[in-house]
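Observations on chain architecture
Listed below, chain by chain, are the residues.
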Amino acid sequence: MPETSSSHAVIVGAGVAGLTIAHQLVQSGRRVTVIERDTFVGGLGRSWHYGAFHFDVGPHRFHTENPRVADFIRQILQEEAIEIPRLSGARMFGKFHEWPLRPSVLFSMPIGMMFRCAFDLLHRPKVEGESFEADILNKYGRTLYEVFFKPYTEKFLFHSPADLHRDWARAGVNRAVIDKRASADTLWSLLKTTMLPKPVETTFLYPPTGVGRFSDRLDEIIRERGGRVVLGAPVEAVEARDGRIVSVTAGGERIACDQLVWTAPMPLINSLLGIEGITLNFLSTIFYNFEIKGPLKHNFQWTYHGGDESFSRVSAPTAFASTTAPAGTHGLCVEFTCRKGDERWSHPERFTERIIDDLVRTKTIDRREDILNVHVEPVPETYPIYTLDYLAQLTRSLKALGQYRNLLLAGRSGRFWYNNMDHSIGQGLTMSDKILRGQALAEIDDNDREFWAEASEAPANQ
Ligand SMILES: Cc1cc2nc3c(=O)[nH]c(=O)nc-3n(C[C@H](O)[C@H](O)[C@H](O)COP(=O)(O)OP(=O)(O)OC[C@H]3O[C@@H](n4cnc5c(N)ncnc54)[C@H](O)[C@@H]3O)c2cc1C
């Protein structure tokens, strides 16, 4: 069937990818229905609002080097696109440090470790292979690998770096680097960055009540323009006939479609279409959102935790915008990764006390008595896990789904793509251009992984 201007595009997932595509299509008069599992829009880019406290899904900021994406974000947020400077930290060797690291970190490093790192700078045998372990050993040497990368990865991902593909480093570690001057793709460049005379300064956009405002605005515009957004409706079935998707059933309603844009997790559409034998796993995360009395102790927007504390990162919404908490209070969002179905996922409340103990022990807060409230928020499928064979599995999945000529896969979850909001938005803009030009969906492929090519070009972190 040709795709006419009256054809009905169904978009599964109201994260930034799905909403950007829906926005562009309705603006051009297309008939669009967005189907979303949750009762709110935004996906991983949502915000939680508890009275006057506002939290994001961990630290979230709009940062891009793509001018079209930057213009689009400003166009949607209007006067709520406020530019703020970045200030992030890392807790290493028992102390808080600025991130990217400053010379002070060298003084808190045990002397023996300093010598071992210096030795690694001069003698790094080349390790062969595609693994994350090989990548890190070649870049940073054995000491930093054993002291930081290995334990951090095992704590965060429950996988040994030896079992992960090196793309995990390209997407994750390199993006913890903030701008071109702050390269960290070798031990030498990491050291050079640490020794820069001035800390690296970058800015980003942030709305006063959290990044979810961007998705809320898109949702409003889509509805104003006649688009339909169905919330609280997880997709239950996808019906295909003669190599085309003909309907999607969600929330008990069967919705006929001419085109299907899928931005929900890729394994789900595989299982709904009966595609078997493909293993693509996601990590999930429990977010503990604390409302706390008194001022913030460390002014970092987010802090990486590489020690034996149970969490991997803590973010502070009030360090993004003071408007995210009532005067005299602040919020802290603790990330505690898990796998769907494990004890952390099934009983997150069992870990609250341990997390509070660790917040006090690491001097992130002074006293547990300052905690006014905690909201425990499990979020499924936060990170695609790049195991050693992930590219082969992904290729098989894309090939099997490629049989459906009116199906398009987009976004972080839909493409199994460890990306940032600006990548999902940019991809959404170019994909909708192609749809509007009349290009057949089966021919549109825009998985722009270019940002991995060059670490120093990396725009943002996680
Ligand atoms: C902790 C953390 C910190 C991050 N920090 C940043 C940052 O600082 N800057 C940045 O740019 N990016 C950041 N990111 C990445 C960013 O969140 C994502 O790149 C972006 O939000 C992905 O949007 P998306 O629309 O592609 O996917 P998603 O947001 O995953 O959207 C998929 C949608 O599909 C829906 N869905 C799932 N199953 C179903 C179903 N069965 N039926 C219907 N709908 C379904 C989901 O609810 C969701 O709304 C961070 C991510 C995480 C996890």
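Higher on the page you've got the structure.
The following refers to the structure shown. (Residues numbered from 1 in each chain as written. Predicted model: local features only at pLDDT ≥ 70, side-chain atom pairs only at ≥ 80, totals over all residues. Heavy atoms only, no water.)

Taken in spatial order, the three strands make up an open sheet running 10-11-12, and their pairing is antiparallel. Each edge of the open sheet is held by one strand with a lone partner, namely strand 10 (235-241) and strand 12 (253-256). In this sheet, neighbouring strand axes are inclined to one another by 25° on average, regardless of whether the strands run parallel or antiparallel. Pairing of strand 11 (residues 244-250) with strand 12, which is carried by four bridges, proceeds in the antiparallel orientation. (Pairing = 2+ DSSP bridges. Helix = DSSP H or I, 4+ residues; strand = E, 2+ residues; numbered from the N terminus. Axes fitted to C-alpha atoms, helices over the stretch in contact; angles between N-to-C directions.)

With the rule as written, the count across this model stands at 27 salt bridges. The salt bridge involving Glu239 is made with Arg241; its shortest N-O contact spans 2.9 Å. On the basis of relative accessibility, which here comes to 28%, the residue Glu239 falls in the partly exposed class. Taking the relative accessible area as the measure of exposure, Arg241 reaches 46% and is therefore partly exposed. Each of Arg37, Asp38, Arg46, Lys340 and Glu381 takes part in one network of salt bridges that share partners. (Salt bridge = Lys/Arg side-chain N within 4 Å of Asp/Glu carboxyl O. Buried < 20%, exposed > 50% of the residue type's maximum accessible area, 1.4 Å probe, protein only.)

This next bit is on a nonpolar patch on the surface. A contiguous nonpolar patch, built from Ile111, Met114 and Phe115 and spanning about 330 Å² of accessible area, is present on the exposed surface. Structurally, Ile111 is set in helix 4 (residues 111-122). (Patch = residues over 30% accessible without salt bridge, like charges linked within 9 Å, V, L, I, M, F, W, Y side chains within 5 Å. Areas by Shrake-Rupley, 256 points an atom, 1.4 Å probe, with all protein chains shown as cover.)

Moving on, we come to the sheet that holds strand 18 (residues 371-384). Pairing within the open sheet is mixed, and its seven strands lie in the order 7-6-15-16-17-14-18. One side of each edge strand has no neighbouring strand; the edge strands of this open sheet are strand 7 (95-99) and strand 18. Ignoring strand direction, the axes of neighbouring strands in this sheet form an average angle of 25°. Two strands pair when backbone bridges link them, and strand 6 (residues 88-92) and strand 7 are joined in this way by five bridges, in the antiparallel orientation. When the sheet's bridge partners are listed, Ala90 is paired in strand 7 with His97. Those strands touched by helix 5 (residues 132-157) are strand 6, strand 14 (282-293), strand 15 (302-305), strand 17 (329-338) and strand 18, and its axis lies near 105° from that of strand 15. With respect to the sheet, helix 12 (residues 352-361) is in contact with strand 14, strand 16 (313-315), strand 17 and strand 18, its orientation differing from that of strand 14 by roughly 60°. (Contact = heavy atoms within 4.5 Å.)

To continue, consider the pairing of strand 15. Of the two faces of strand 15, the one carrying Trp302 and Tyr304 and the one carrying Thr303 and His305 are both buried. Direction of pairing for strand 15 relative to strand 16: antiparallel, over a ladder of three bridges. Across the sheet, residue Thr303 finds its bridge partner in strand 16, namely Val314.

Okay, helix 15 (residues 421-436) next. Under the 1.5 Å per step criterion, the end-to-end length of helix 15 is 22 Å for 16 residues, consistent within 8% with the ideal 22 Å. The buried count for helix 15 comes to 13 of 16 residues, which makes it a mostly enclosed element. Gly438 sits one or two positions beyond helix 15 and adopts a positive phi of about 90°. (Expected span 1.5 Å × (residues − 1).)

The next point concerns empty space enclosed by the protein. In this structure the tally under the stated criterion is two cavities of 30 Å³ or more. Here the largest cavity is characterised by a volume of approximately 100 Å³. Forming the walls of the largest cavity are 14 residues, and the residues nearest its centre are His298, Phe300, Thr303, Leu332 and Thr364. If you list the elements that add at least two residues to the lining of the largest cavity, you get strand 15, strand 16 and strand 17. Each residue belonging to the lining of the largest cavity can be placed in one class, and the counts come to seven nonpolar, six polar and one charged. Here the second largest cavity defines a volume of roughly 40 Å³. (1 Å grid on protein atoms, 1.4 Å probe; cavity = no way out; pocket = protein on both sides within 12 Å on 5 of 7 lines; lining within 4 Å. Points joined across faces, edges and corners; volume = space filled by probe spheres on them. Nonpolar A, V, L, I, M, F, W, Y, C, P; charged D, E, K, R; others polar.)

Okay, the packing of helix 2 (residues 67-77) against helix 15 next. Orientation of helix 2 relative to helix 15, taken along the N-to-C sense of each, is 95°, at an axis distance of 10 Å. In terms of orientation, helix 2 lies roughly perpendicular with respect to helix 15. Packed against helix 2, whose contacting residues are Arg68, Val69, Phe72 and Ile73, the element helix 15 presents Asp422, Ile425, Gly426, Leu429, Thr430 and Asp433 at the interface. (Parallel < 35°, antiparallel > 145°, perpendicular 65-115°, else oblique.)

With respect to the element layout, Gly15 can be found in the loop between strand 1 (8-12) and helix 1 (16-27). Taking C-alpha positions, Gly15 is 8.6 Å from Ala264, a pair spaced 249 residues apart along the chain. Excluding residues within four positions of it along the chain, Gly15 makes contact with Glu36, Gly42 and Gly43.

All right, on to the nonpolar core then. Within the largest apolar cluster, 98 residues are counted, with the highest numbers of intra-cluster contacts made by Phe62, Trp168, Phe214, Leu260, Trp262 and Ile425. No other element matches the eleven residues that helix 5 contributes to this core. Judged by nonpolar contacts, the second largest core, of 18 residues, contains Phe290, Ile292, Val314 and Ala319. (Core = buried A, V, L, I, M, F, W, Y, C linked by side-chain atoms within 4.5 Å.)

On to the pairing of strand 10, then. Of the strand pairs in this sheet, strand 10 and strand 11 are connected by six bridges, and their pairing is antiparallel. Bridging from a neighbouring strand, Glu239 pairs with Ser247 of strand 11. Between strand 10 and strand 11, which pair antiparallel in sequence order, lie two residues; one of them, Asp242, sits at a positive phi of approximately 50°.

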